[in-house]
Amino acid sequence: MAERGLDLSFPPCLHLFSAFLAMEPTHILISLARDCGGGSVTERVQSFIWNHCISNPDGKSRMPYLKSFLKKLIVEVESQGLEVLDELYERFAFYMTSLKDDYSAKANTRIVKCISFLFPDGCSDLPSCPKTRKLVVPLQCSLNMLEGDTGCSIWPSSLFLSEFILSHPELFSNKSCFEVKCIHLPWESAVGSELRDFLPDIILGADVMYDPLCLPHLVRVLASLLDSENSDTHLCSEHCNGIQPGSKARNADYSRGSDTCQGEAVPDDGPNTEYACCASKEGPKAFIASVIRNIDTFNRFLELADEANLSVEDVTEKFMLFDLLPYMQSYNRLSIRLFTLTHL
Ligand SMILES: C[S@@+](CC[C@H](N)C(=O)[O-])C[C@H]1O[C@@H](n2cnc3c(N)ncnc32)[C@H](O)[C@@H]1O
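Conventions we followed
- Residues numbered from 1 in each chain as written.
- Predicted model: local features only at pLDDT ≥ 70, side-chain atom pairs only at ≥ 80, totals over all residues.
- Heavy atoms only, no water.
- Helix = DSSP H or I, 4+ residues; strand = E, 2+ residues; numbered from the N terminus.
- Contact = heavy atoms within 4.5 Å.
- Areas by Shrake-Rupley, 256 points an atom, 1.4 Å probe, with all protein chains shown as cover.
- Polar contact = N/O pair within 3.5 Å; in protein donor to acceptor, adjacent residues only side chain to side chain.
- Axes fitted to C-alpha atoms, helices over the stretch in contact; angles between N-to-C directions.
- Parallel < 35°, antiparallel > 145°, perpendicular 65-115°, else oblique.
- Left-handed = near helix turned anticlockwise from the far one by under 90°.
- Nonpolar A, V, L, I, M, F, W, Y, C, P; charged D, E, K, R; others polar.
- Buried < 20%, exposed > 50% of the residue type's maximum accessible area, 1.4 Å probe, protein only.
- Pairing = 2+ DSSP bridges.
- Salt bridge = Lys/Arg side-chain N within 4 Å of Asp/Glu carboxyl O.

## A word on the overall build of the protein
For step 1, the next point in the chain: Per the secondary structure count, the protein includes 9 helices and 8 strands.
For step 2, the next point in the chain: Residue pairs at least 24 apart in sequence account for 81% of intrachain contacts in the protein once pairs closer than 6 positions are excluded.
For step 3, the next point in the chain: In the form shown here, the protein has an accessible surface area of approximately 17,500 Å², with 52% of it arising from carbon and sulfur atoms.

Right, here's the structure in full:
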């Protein structure tokens, strides 16, 4: 009797495929491939990889990634003393001869990483949980570091904020969203009259408090957007429950790290603060997710927020989050804190 093939209904295979779409580092794909075969990259696992990941490459820009994956895969299978499928050897040989090493360094090279949010059992009542139990978000990333290195990686806080929003749709659903477009809004030059037009009730930010030089401008923008005087024309909604007050961020213990973003050039890829408009009885509120890379920078942010009459609360432990990215081993959720900001 023929051996049954592996498919996406088997969670380890779903994780491997999702990690492949998200372009996780190739050593992580190998580790997930081992999980699919109970420890070995068997022929069945190789066939799954061939059928789902390799046979139909999604655009030329993915080829260097595929080449790297195939190289590690072949080494792994051979080191386990197993047979490598002919088609995997053949495809690797093709990439070896047709891809120049400097391909990925070409100007304007862009890749699309697809982030799959995998909903666990028991969340079917949530409006954010689609029937497919999976939400796939394509993200266009640049491979050209000269375009600005913030555009070359997916920042962990943005993943955290996405998980937060999808885990707590009650805070965001049935609300009118302001997001209509992506606009260029440098914090340094954003003026009050311009900001007042936005009238947001919820402001979202991911990894925005990292550059000490930008902090005063960021806090000024936040203070202006959070000033309820600016938004008291908003309708209140009985659906908007708000959130419970959390512990003061000032009293929390944050480990010191190096501020790798300090002094970084500000890219001109538009504002990072996103505005979702929902009616709220409590006035506008910001949710900011952040890795605390440098405690001095973070404390400076708290000082400036205090001077601007903003209350900052650490609510990381207040909200239960679904693990919607179980395959993404490069994402360390524990390094991220979630803060709410309100105007006093
Ligand atoms: C570390 S990245 C985070 C990007 C994105 N939120 C994410 O999580 O993937 C910091 C972002 O803050 C924004 N930013 C930094 N300085 C800024 C400034 N002076 N004015 C407007 N936006 C700025 C930029 O959009 C930059 O990409």
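So, next bit.
## Remarks on the side chain of Thr26
For step 1, the next point in the chain: Within the secondary structure, Thr26 sits in helix H2 (residues 26–36).
For step 2, the next point in the chain: In terms of polar contacts, Thr26 uses its side chain to reach the side chain of Ser68, at 3.3 Å.
For step 3, the next point in the chain: Beyond its immediate stretch of four places on either side in the chain, Thr26 contacts Tyr65, Ser68, Phe69 and Lys72.

## So, the environment of Gln46
For step 1, the next point in the chain: Assignment of secondary structure puts Gln46 in helix H3 (residues 43–54).
For step 2, the next point in the chain: Along the sequence, Gln46 and Glu83 sit 37 residues apart, while their C-alpha atoms lie 9.8 Å from each other.
For step 3, the next point in the chain: The residues contacting Gln46, other than those within four sequence positions of it, are Val41, Val77, Glu83, Val84, Leu85 and Leu88.
For step 4, the next point in the chain: At a separation of 3.3 Å, a polar atom in the side chain of Gln46 contacts the main-chain carbonyl oxygen of Val41.

## Some remarks on the environment of Arg34
For step 1, the next point in the chain: Tracing the sequence through the fold places Arg34 in helix H2.
For step 2, the next point in the chain: A sequence separation of 43 residues divides Arg34 from Val77, and the C-alpha atoms of the two residues are 9.8 Å apart.
For step 3, the next point in the chain: In this structure Arg34 touches Gly39, Ser40, Val41, Glu76 and Gln80, once residues within four positions along its chain are discounted.
For step 4, the next point in the chain: A polar side-chain atom of Arg34 sits 2.8 Å from a polar atom in the side chain of Glu76.

## A few points about the packing of helix H8 (residues 215–226) against helix H9 (residues 295–307)
For step 1, the next point in the chain: Remark: H8 packs on H9, axes separated minimally by 10 Å, with the N-to-C direction vectors making an angle of 40°. Between H8 and H9, the interaxial angle falls into the category oblique. Two packed elements cross with a definite hand, and for H8 against H9 that hand is right-handed. Contacts between H8 and H9 involve Leu215, Pro216, Leu218, Val219 and Leu222 on the former and, on the latter, Thr297, Arg300, Phe301, Leu304 and Ala305.
For step 2, the next point in the chain: Looking at the contact of H8 with H9, its residues break down into 8 nonpolar, 1 polar and 1 charged.

## Details of the pairing of strand E1 (residues 110–118)
For step 1, the next point in the chain: With 7 of 9 residues buried, E1 lies mostly within the body of the structure.
For step 2, the next point in the chain: Relative to strand E2 (residues 134–142), E1 is paired through 9 bridges, and the arrangement is antiparallel. Looking at the pairing, Leu118 lines up with Lys134 of E2.

## Some words on the pattern of salt bridges
Should the charged atoms of two oppositely charged side chains come close, the side chains can pair.
For step 1, the next point in the chain: Taken as a whole and assessed by the stated rule, the structure comprises 7 salt bridges.
For step 2, the next point in the chain: With a shortest N-O distance of 3.2 Å, Arg333 and Glu163 are connected by a salt bridge. Taken together, the residues Arg333 in the loop between strand E7 (310–314) and strand E8 (336–343) and Glu163 in helix H6 (residues 156–167) connect sequence positions 170 residues apart.
For step 3, the next point in the chain: Using a relative accessible area of 0% as the deciding quantity, one classes Glu163 as buried.
For step 4, the next point in the chain: For Glu303, the salt bridge goes to Arg300, with nearest N and O atoms at 2.8 Å. Here Glu303 and its partner Arg300 are both found in helix H9, 3 residues apart, which amounts to about one turn of the helix.
For step 5, the next point in the chain: What you see here is one network of salt bridges that share partners, running through Glu163, Asp323 and Arg333.

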